[in-house]
Amino acid sequence: MTKKLLVLLFFLGSFFMQAQTLAWRTSMSDAIAISNDQRKPMLILFTASGVPENLQNEIFKTPDFAVWSRDNVILVKLDLSDMNASDSDREQNVKLKNAFGVEDLPEVCFAMASIRKNKTTFSALGKIAYKPGGAKAWIAESNTILHPPE
């Protein structure tokens, strides 16, 4: 009985560890390169210190999101209040926030990007904020954005 319980706890722990170890990129140029290489859209999280953590706690820290994100998107976190970011990075992040029409934080934008002649062009796919209902509902809405019905 004790062995079975330990094995169960081991497997449950591995799911929770996977949810905690998401690979969030903070460099937009790195994220664009990876996105283009893997042919996956970017999930760009615009956030700042002091914003509600519902999106983080109820969506991003779940095993369902960890599995879905690994298979579907490149994760990018742009913290608009990051004092360790360079002035040019902070300026770029604010410009992106404005370009994507983000008004309330935190908010997620899905996008593809290409770089030609040192000029980056973004193709916005859609955006989504936190909504109660859990990870499965949020993922379903995200899938609708990423794979719109014909």
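Residues numbered from 1 in each chain as written. Predicted model: local features only at pLDDT ≥ 70, side-chain atom pairs only at ≥ 80, totals over all residues. Heavy atoms only, no water.

*Asks:* Honestly, the sheet that holds strand S2 (residues 74-79) in this entry has me stumped. Any pointers?
*Replies:* Sheet strands line up and pair through hydrogen bonds in the backbone, either parallel or antiparallel. Across the sheet, four strands lie side by side as S2-S1-S3-S4; this open sheet has mixed pairing. Each end of this open sheet is capped by a strand with a single partner; those strands are S2 and strand S4 (119-129). For this sheet, the mean angle separating the axes of adjacent strands, direction not counted, is 30°. Of the strand pairs in this sheet, strand S3 (residues 107-116) and S4 are connected by 10 bridges, and their pairing is antiparallel. Of the residues in S4, the one forming a bridge with alanine 111 is alanine 124. Lying on the sheet, helix H6 (residues 134-146) is in contact with strand S1 (42-47), S3 and S4; it crosses S4 at an angle near 140°. (Pairing = 2+ DSSP bridges. Helix = DSSP H or I, 4+ residues; strand = E, 2+ residues; numbered from the N terminus. Axes fitted to C-alpha atoms, helices over the stretch in contact; angles between N-to-C directions. Contact = heavy atoms within 4.5 Å.)

*Asks:* How should H6 be read in this particular structure?
*Replies:* One turn of an α-helix holds 3.6 residues; hence residues three or four places apart share an orientation. The end-to-end C-alpha distance of H6, which contains 13 residues, comes to 19 Å, matching closely the 18 Å that a straight helix rising 1.5 Å per residue would cover. The elements touched by buried residues of H6 are S1, helix H3 (54-60), helix H4 (63-72), S3 and S4. (Expected span 1.5 Å × (residues − 1).)

*Asks:* Mind showing me how you'd approach unusual backbone geometry here?
*Replies:* Trans is the prevailing form of peptide bonds, just as negative phi is the prevailing case for residues other than glycine. Proline 106 follows leucine 105 through a cis peptide bond whose omega is -5°. On the secondary structure map, proline 106 appears in the loop between helix H5 (87-99) and S3. Not every positive phi belongs to a glycine, and arginine 39 is a case in point at roughly 55°. Structurally, the position occupied by arginine 39 is in the loop between helix H2 (28-38) and S1. In the Ramachandran plot, asparagine 118 falls in the positive-phi region, its phi being about 60° despite a non-glycine side chain. As for its position among the elements, asparagine 118 is in the loop between S3 and S4. For asparagine 118, a relative accessible area of 79% gives the class exposed. (Buried < 20%, exposed > 50% of the residue type's maximum accessible area, 1.4 Å probe, protein only.)

Nothing here speaks to function; it is geometry throughout.
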